[in-house]
Amino acid sequence: MKVLAADLDALCRRLRRERKVALAVHEKPDPDALGAASGMLDLFAQLDVAAKLYVSEGEHLPLAEVLLPAGGVLRGDPPDDAALYALDCGSASRLALPRRRSVAVNIDHHHDNPRYGGLAFVRGEASSTCELVCDVARALGMRPSPQAAAALYAGISFDTGHFHHDSTTASTFLTAAWLVGLGADPRTLYVLLYEGRSEASLRLRARAVAGARRIARGKALIALVTAEDYAATGGGPDDTEGVVDALRGVRGVEVAALVKEQPQGARSRVSLRSQTIDVSAVAAVNGGGGHRLAAGFSSDDSPEEVITWLSSELERRLSTGSS
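Please read all numbers here as calculations on a predicted model, not as lab measurements.

Reading guide: rules and limits
- Residues numbered from 1 in each chain as written.
- Predicted model: local features only at pLDDT ≥ 70, side-chain atom pairs only at ≥ 80, totals over all residues.
- Heavy atoms only, no water.
- Helix = DSSP H or I, 4+ residues; strand = E, 2+ residues; numbered from the N terminus.
- Rg over C-alpha atoms; globule rule 2.2 N^0.38 Å.
- Buried < 20%, exposed > 50% of the residue type's maximum accessible area, 1.4 Å probe, protein only.
- Contact = heavy atoms within 4.5 Å.
- Areas by Shrake-Rupley, 256 points an atom, 1.4 Å probe, with all protein chains shown as cover.
- Lys, Arg positive; Asp, Glu negative; His and termini not counted.
- Charge placed at Lys NZ, Arg CZ, Asp CG, Glu CD.
- Pairing = 2+ DSSP bridges.
- Axes fitted to C-alpha atoms, helices over the stretch in contact; angles between N-to-C directions.
- Phe/Tyr/Trp six-rings, centres within 6.5 Å; stacked < 30°, edge-to-face > 60°.
- Lys NZ or Arg CZ within 6 Å of the ring centre and 35° of its normal.
- Parallel < 35°, antiparallel > 145°, perpendicular 65-115°, else oblique.
- Left-handed = near helix turned anticlockwise from the far one by under 90°.

Chemist: For this particular structure, what's the right way to read the overall build of the chain?
Modeler: Within the chain one finds 12 helices and 12 strands. Computed over its C-alpha atoms, the radius of gyration of the chain comes to 20 Å, within 12% of the 20 Å expected for a compact globule of 323 residues. Across its three principal axes, the chain shows a C-alpha extent of roughly 55 × 40 × 40 Å. Per-residue burial over the chain gives 52% buried out of 323 residues. Of the contacts made within the chain by residues no fewer than 6 positions apart, 62% connect residues no fewer than 24 positions apart. Total accessible area on the chain stands at roughly 14,100 Å², and carbon and sulfur atoms take up 50% of it. Side chains of the chain carry 36 positive and 40 negative charges; the gap between the two charge centres is 3 Å.

Below is the structure:
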């Protein structure tokens, strides 16, 4: 019998003892967060444990109709008698819940996760939280359903930039192949995640890229999307997916940033990507976080104020080689 790591073994033993569970993910959840939730809901169903994903009212869940099982999501506070599992969330303060709750289990792959909660299964080197959920399933000797397999594959694909980020390992490909064997359709999921965008999305992305500003002697590019851009194109904040990655792909660019004006909540939202420096450290200055080469934060400052600060910060880090 394979010997499990102590934290994974403790998690498996706890899973088998649970009776009622509430799952939570980070604010503005992405396919990795929702795919991990889908995978855990499926595991709990197989274990005959009552489980739901809880989110705040108004929280947008992209592709939820595909990634999550029908009836798997409830809006509002989890019941006090349910053990709270935090998924794909580097900080307990960023959970998409109406109020803070004590976290029983923390499953995550962000390198800056402080390992909060009663039990932490955190692997900063893992490609995605979805890959960790697959590790849990295999440790339990369980196989995700076809729908859960598709959701887990989608999360891995999304968080690895479709298998090209430096967190992608041989284990990642083996896990993806395992999920395909269980029913995930790579072509269908690729189209779902990366194609089929609206004309408004195309026009919004074009405006963002056309207005990108070079700083730090061309080593960084910063793009801005404002309320005026949304109005002119008919697009919205969710239609900017991929812009910051396109900027990072420009020859000679080491850091790319996208600053978005938000219609509600925090005034500005920033996405950061890098080839060389730790942008999670930049995000952390403003209460954000993420991965070393992909991070983000929100701010109540105006987009132009954020750009002014960000330009100065990136100039300093790129000129000194500070990470």
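Chemist: In this structure, what is going on with the sheet that holds strand β6 (residues 119-122)? I would like to understand it.
Modeler: Strand pairing in a sheet is mediated by backbone hydrogen bonds. Such pairs are either parallel or antiparallel. Read across the open sheet, the 6 strands follow the order β3-β2-β1-β4-β5-β6; overall the sheet is parallel. With one partner strand each, in any of the chains shown, β3 (73-75) and β6 form the two edges of the open sheet. Between one strand axis and the next, the sheet turns through 25° on average, direction left out of account. Sheet topology places strand β5 (residues 105-108) next to β6; 4 bridges connect them, and they run parallel. Paired with V105 across the two strands is L119, which belongs to β6. Contacting β1 (20-25), β2 (50-55), β4 (83-87) and β5, helix α2 (residues 31-46) crosses the sheet at an angle of about 170° to β1.

Chemist: Please explain the packing of aromatic side chains as it appears in this structure.
Modeler: To describe a pair of aromatic rings, one takes the distance between the centres and the angle between the planes. For the coordinates displayed, the defined rule picks out 5 aromatic pairs. Relative to Y194, the ring of Y190 has its centre 4.9 Å away and its plane inclined at 45°; by these criteria the two rings are tilted. Of this pair, Y190 and Y194 both sit in helix α7 (residues 186-194), 4 residues apart, which is roughly one turn of the helix. Assessed through its relative accessible area of 26%, Y194 is described here as partly exposed. Residue placement shows R138 over the ring face of W178; its charged tip is 4.8 Å from the ring centre.

Chemist: What is the right way to read the packing of α2 against helix α4 (residues 129-140) from this model?
Modeler: The description of two packed helices rests on the angle between their axes and on the distance between the axes. Orientation of α2 relative to α4, taken along the N-to-C sense of each, is 15°, at an axis distance of 8 Å. With respect to each other, α2 and α4 are oriented roughly parallel. Crossing geometry of α2 relative to α4 is assigned as left-handed. For the pair α2 and α4, the contacting residues are P31, D32, G35, A36, G39, M40 and L43 in the first and T129, C130, V133, V136, A137 and L140 in the second.

Chemist: What is the right way to look at the pairing of strand β9 (residues 255-261) in this model?
Modeler: Look at any regular strand and the pattern is simple: side chains alternate between the two faces of the sheet. With 6 of its 7 residues buried, β9 lies for the most part within the structure. Where strand β8 (residues 220-225) lies against β9, 6 bridges are found, and the strand directions are parallel. From the neighbouring strand, L221 faces β9, where its bridge partner is A256. Pairing analysis gives 7 bridges linking β9 to strand β10 (residues 268-274), with the strands arranged antiparallel. In the strand pairing of β10, A257 is matched with L272. Where β9 hands over to β10, the hairpin turn is made up of 6 residues, of which G265 adopts a positive phi near 75°.

Chemist: Whenever I open this one, the sheet that holds strand β11 (residues 289-290) confuses me. Can you help?
Modeler: Across the sheet, 6 strands lie side by side as β7-β8-β9-β10-β12-β11; this open sheet has mixed pairing. Pairing within the sheet leaves two strands with one partner each, and these edge strands are β7 (213-215) and β11. This element, helix α12 (residues 303-320), spans β7, β8, β9, β10 and β12 (294-299) of the sheet and lies at about 170° to β8.

Chemist: Just checking my understanding: could you explain unusual backbone geometry for this structure?
Modeler: Where the residue is not glycine, phi is negative for most of them; where a peptide bond is considered, it is trans in most cases. Even without glycine at this site, L63 takes up a positive phi of about 60°. Residue position: L63 is located in the loop between β2 and α3 (64-67). When its relative accessible area of 22% is taken as the criterion, L63 is described as partly exposed. Unlike most non-glycine residues, H162 shows phi in positive territory, near 55°. In this fold, H162 is placed in the loop between α5 (146-159) and α6 (170-181). Exposure remark for H162: the relative accessible area of 31% places this residue in the partly exposed category.

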